[in-house]
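Close look at the chain arrangement
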Amino acid sequence: MNTFSDSLVTAVELILSGDPGLWSVVLRSLSVSATACLIACGLGLVLGAWLAAARFAGRGAVLTLLNTFLAIPSVVVGLVIYLLLSRSGPLGFLGWLFSFKAMVLAQAVLVLPLVMALTRQVVEDADRSHGEQLSSLGAGAPLRSLLLAWDERYALVTVLLTAFGRAVSEVGAVMIVGGNIDGFTRVMTTAIALETSKGDLPLALGLGVVLLLVVLLLNALVSMLRRWRERADGADSASVALAAG
């Protein structure tokens with residue numbers, strides 16, 4: 001118990017004192033995850049919205065495959081990206097292995113199915129509610145998907161926050177493709193694993209506290225957005241009822 005309490009006190013001191021070793025890892029981790037989420041969300045929002053509105057042969061198989069990718073282990077994603085970026089791999093000429101770019105690519109591939117699946121669900125629910133009205137006005141699947149996605153933009157913000165939380169907390173993929181190189185590719189999750197194995201518990205615990213606070217902040221933002229949207233929808237419904245009356 002004394003070891004834990006002493007490590008926790010030292011960890012808090014490292015955080016509050018602005019320890020450069022700790023905060024450089026934190027900033028690098030946030031940069032990697034934020035960049036990966038921007039890439040994944042740019043593709044995932046469009047593809048997920050289109051998949052919600054489109055109807056084509058084999059759509060059920062595509063959805064099954066997408067749902068399967070939701071459960072794919074991060075180490076498998078890391079292994080595939082490693083093989084692609086290795087010197088003998090098809091993308092080896094890029095020279096990205098054990099770099100910031102490799103970690104961004106791995107995390108983007110990891111969270112892309114999550115963004116697509118959540119976006120598809122949000123837009124498909126909206127399509128059931130008032131997609132038929134848009135279709136009667138001549139909107140095809142691509143246009144209808146974009147209009148519905150814009151209408152549900154506040155709900156999709158929670159998708160972005162969820163994707164960032166998934167990216168920033170994963171360890172397997174970035175460990176494999178980044179190599180956990182000090183000062184270059186070491187992020188919070190890989191640093192926690194390394195420092196724990198080395199016995200540097202205060203630094204590992206400090207990084208763990210920061211990571212926990214980041215995830216807590218994301219969950220708080222998601223909860224606040226949901227409550228705000230529910231109040232906004234309630235106010236709109238009341239306004240419509242008053243106007244009708």
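Residues numbered from 1 in each chain as written. Predicted model: local features only at pLDDT ≥ 70, side-chain atom pairs only at ≥ 80, totals over all residues. Heavy atoms only, no water.

Observations regarding the overall build of the protein chain
The secondary structure content of the protein chain amounts to 10 helices and 0 strands. Taken over the C-alpha atoms alone, the protein chain extends approximately 65 × 50 × 25 Å along its principal axes. Of all 245 residues assigned to the protein chain, the portion counted as buried reaches 40%. Of the contacts formed within the protein chain by residues at least 6 apart in sequence, a portion of 72% connects residues at least 24 apart. A total accessible area of about 13100 Å² is found for the protein chain, and carbon and sulfur atoms account for 69% of it. Looking at charge distribution, the protein chain has the averaged site of its 16 positive side-chain charges lying 7 Å from that of its 16 negative ones. (Helix = DSSP H or I, 4+ residues; strand = E, 2+ residues; numbered from the N terminus. Buried < 20%, exposed > 50% of the residue type's maximum accessible area, 1.4 Å probe, protein only. Contact = heavy atoms within 4.5 Å. Areas by Shrake-Rupley, 256 points an atom, 1.4 Å probe, with all protein chains shown as cover. Lys, Arg positive; Asp, Glu negative; His and termini not counted. Charge placed at Lys NZ, Arg CZ, Asp CG, Glu CD.)

As for a nonpolar patch on the surface
On the surface, a cluster of nonpolar side chains totalling about 580 Å² of accessible area is made up of Leu79, Tyr82, Leu83, Phe98, Ile181 and Phe184. Residue classification places Phe98 among the partly exposed positions, given a relative accessible area of 38%. (Patch = residues over 30% accessible without salt bridge, like charges linked within 9 Å, V, L, I, M, F, W, Y side chains within 5 Å. Salt bridge = Lys/Arg side-chain N within 4 Å of Asp/Glu carboxyl O.)

Some points on the nonpolar core
In this structure, Leu22, Met188, Leu207 and Val210 are the most contacted members of the largest nonpolar core, which totals 52 residues. Top contributing element to this core by residue count: helix H5 (residues 100-136), with 12 residues. Beyond its immediate sequence surroundings of up to four residues, Val210 is in contact with Ile15, Leu22, Trp23, Val26 and Met188. Within the second largest apolar cluster, 5 residues are counted, among which are Leu51, Leu66, Met116 and Ala117. (Core = buried A, V, L, I, M, F, W, Y, C linked by side-chain atoms within 4.5 Å.)

Some details on the packing of helix H2 (residues 20-53) against helix H7 (residues 153-168)
The relative placement of two packed helices is expressed as an angle between their axes plus a distance between the axes. With their axes 9 Å apart at the nearest point, H2 and H7 run at an angle of 135 degrees to one another. Judged by the angle between their axes, H2 and H7 are oblique. Handedness of the crossing formed by H2 with H7: right-handed. Mapping the contact onto sequence places Ser29, Leu30, Ser33, Ala34, Cys37, Cys41 and Leu45 in H2 and Leu156, Leu160, Ala163, Phe164, Ala167 and Val168 in H7. When the residues that make up the contact of H2 with H7 are grouped by side-chain class, the tally is 11 nonpolar, 2 polar and no charged. (Axes fitted to C-alpha atoms, helices over the stretch in contact; angles between N-to-C directions. Parallel < 35°, antiparallel > 145°, perpendicular 65-115°, else oblique. Left-handed = near helix turned anticlockwise from the far one by under 90°. Nonpolar A, V, L, I, M, F, W, Y, C, P; charged D, E, K, R; others polar.)

What to know about unusual backbone geometry
The phi dihedral of Phe98 falls on the positive side, at around 60 degrees, and the residue is not glycine. Within the fold, Phe98 resides in the loop between helix H4 (74-85) and H5. We note that Asn180 has phi near 55 degrees; this positive angle belongs to a residue other than glycine. Looking at the secondary structure, you find Asn180 in the loop between helix H8 (172-178) and helix H9 (188-198). What makes Asn180 buried here is its relative accessible area of 9%.

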